[in-house]
Amino acid sequence: LVAENGTQVYTLVPDDCYTVSEVLVDGVSYLNELEDNTLTLDSIQSDMNIQAYFQIKTYNVTTTAAEGGFITEGGVVNCGSDVELTITADACHNIDSVVVNGVNAGAVETYTISAIDTDYTVAAYFSIKTYTITSSVNDTVMGTITATDTFDCGETPTYEITPNDGYYIVDVTVDGVSQGIITSYTFGSLDADHTIDAEFAMYTYTLTATANVGVTS
């Protein structure tokens, strides 16, 4: 009960995940009259009907993925909800890092936001896979082959096999399998390490000498 012309103060206390959405006094909105969720009614001269309404808070989850993979799409999420994000690298990349609100969470495949109570930004970064092609020859005096090197996944490098003067190619093997007498070999889209080996040999010649036999009489 309030005395005529009296003043009454009401404090609205929403739950943690809620906020005041509307306050009606005798059907008239007093939302803009709230100060820190406190409503002050002055000069009360009659009975009043006060209704308070609350709505759940929502937060934005913004996700981005750099080149090389994907992350679950973000969106608007109710306060207190759990949000599970999945990070997936494509065939030629690895997960490098997942950065959550500026903090590196590591190279994780999933990240869960528990009982969300603020906005989140989650960025996924990826690193390209690399593979090594190891090359060798049986004798560097006899010839050369493109040097051992490391390449990005998906590249298609070509290796050249060149005999020196006086020598010839005997065979070229890739991952232990003979490719025959070839002067170059192009690898298909790289997805593994490889070896390529060249075998050379020296040209040899046979000299046959003959002499006429003298005839005497």
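Computed from a predicted structure; not experimentally measured. (Residues numbered from 1 in each chain as written. Predicted model: local features only at pLDDT ≥ 70, side-chain atom pairs only at ≥ 80, totals over all residues. Heavy atoms only, no water.)

**Points about the sheet that holds strand 15 (residues 143-145)**
Logical step 1: Strand order in the open sheet made by the 3 strands is 15-17-20, with antiparallel pairing throughout. The open sheet has two free edges, formed respectively by strand 15 and strand 20 (184-186), since each of these has just one partner strand. Across the sheet, the mean angle from the axis of one strand to that of its neighbour is 5°, orientation sign disregarded.
Logical step 2: One ladder, built from 3 bridges, connects strand 15 with strand 17 (residues 158-163); its direction is antiparallel. Within strand 17, the residue paired with Thr 144 across the bridge is Thr 162. (Pairing = 2+ DSSP bridges. Helix = DSSP H or I, 4+ residues; strand = E, 2+ residues; numbered from the N terminus. Axes fitted to C-alpha atoms, helices over the stretch in contact; angles between N-to-C directions.)

**Observations concerning the state of the cysteines**
Logical step 1: As enumerated under the stated definition, the model contains 2 disulfides in all.
Logical step 2: The disulfide that involves Cys 17 links it to Cys 79, with 2.0 Å between the sulfurs. One quick way to see it: the torsion about the S-S bond of Cys 17 and Cys 79 is about -65°, and its sign makes the bridge left-handed. Residue Cys 17 is found in the loop between strand 1 (6-11) and strand 2 (18-25), and its partner Cys 79 is found in the loop between strand 8 (75-78) and strand 9 (83-89); the two are separated by 62 residues along the sequence. Taken as a pair, Cys 17 and Cys 79 share a single burial class, namely buried.
Logical step 3: Shown here is the disulfide that connects Cys 92 with Cys 153, its sulfur atoms set 1.9 Å apart. (Disulfide = S-S within 2.5 Å. Buried < 20%, exposed > 50% of the residue type's maximum accessible area, 1.4 Å probe, protein only.)

**Focus: the sheet that holds strand 14 (residues 130-137)**
Logical step 1: Strand order in this open sheet of 5 strands is 16-14-21-18-19, and the pairing throughout is mixed. One side of each edge strand has no neighbouring strand; the edge strands of this open sheet are strand 16 (149-152) and strand 19 (177-180). Strand-to-strand twist across the sheet, computed as the mean angle between neighbouring axes with direction ignored, equals 25°.
Logical step 2: As paired elements, strand 14 and strand 16 share 4 bridges and run antiparallel to each other. Among the inter-strand pairings, Ile 133 is bridged to a residue of strand 16, identified as Asp 149.

**A look at the pairing of strand 2**
Looking along a regular strand, one sees the side chains alternate between the two faces of the sheet.
Logical step 1: With 7 bridges joining them, strand 2 and strand 5 (residues 50-56) adopt antiparallel strand pairing. Counted as the bridge partner of Leu 24 is Gln 51 from strand 5.

**Observations concerning the environment of Gly 188**
Logical step 1: In this fold, Gly 188 is placed in the loop between strand 20 and strand 21 (194-202).
Logical step 2: Expressed as a C-alpha distance, the spacing of Gly 188 and Tyr 59, which sit 129 residues apart in the sequence, is 47 Å.
Logical step 3: Once you skip the residues sitting within four places of it in the chain, Gly 188 turns out to touch Glu 155 and Thr 156. (Contact = heavy atoms within 4.5 Å.)

**Side note on the packing of aromatic side chains**
Logical step 1: Scanning the model with the defined rule gives 4 aromatic pairs in all.
Logical step 2: Ring geometry for Phe 151 and Tyr 159: centres 6.4 Å apart, planes at 70°, overall edge-to-face.
Logical step 3: Classification of Phe 151 by relative accessible area gives buried; the value is 14%.
Logical step 4: Accessibility expressed as a relative area gives 0% for Tyr 159, which makes it buried.
Logical step 5: Pairing Tyr 168 with Tyr 203 gives two aromatic rings, centres 4.9 Å apart and planes at 40°, and the pair type is tilted. With a gap of 35 residues between them, Tyr 168 in strand 18 (residues 167-174) and Tyr 203 in the segment after strand 21 connect regions that are remote in the sequence.
Logical step 6: For Tyr 168, a relative accessible area of 31% gives the class partly exposed. (Phe/Tyr/Trp six-rings, centres within 6.5 Å; stacked < 30°, edge-to-face > 60°.)

**Some remarks on unusual backbone geometry**
In most cases, non-glycine residues show a negative phi, while peptide bonds are predominantly trans.
Logical step 1: Here the phi dihedral of Asn 101 falls at roughly 50°; this positive angle occurs in a residue that is not glycine.
Logical step 2: Looking at the element boundaries, Asn 101 is found in the loop between strand 10 (93-100) and strand 11 (103-104).
Logical step 3: Unusually for a residue other than glycine, Ala 115 sits at a positive phi of about 45°.
Logical step 4: Position of Ala 115 among the secondary structure elements: in the loop between strand 12 (110-113) and strand 13 (120-128).
Logical step 5: Residue classification places Ala 115 among the partly exposed positions, given a relative accessible area of 43%.

Any functional reading would require information that these geometric values do not contain.
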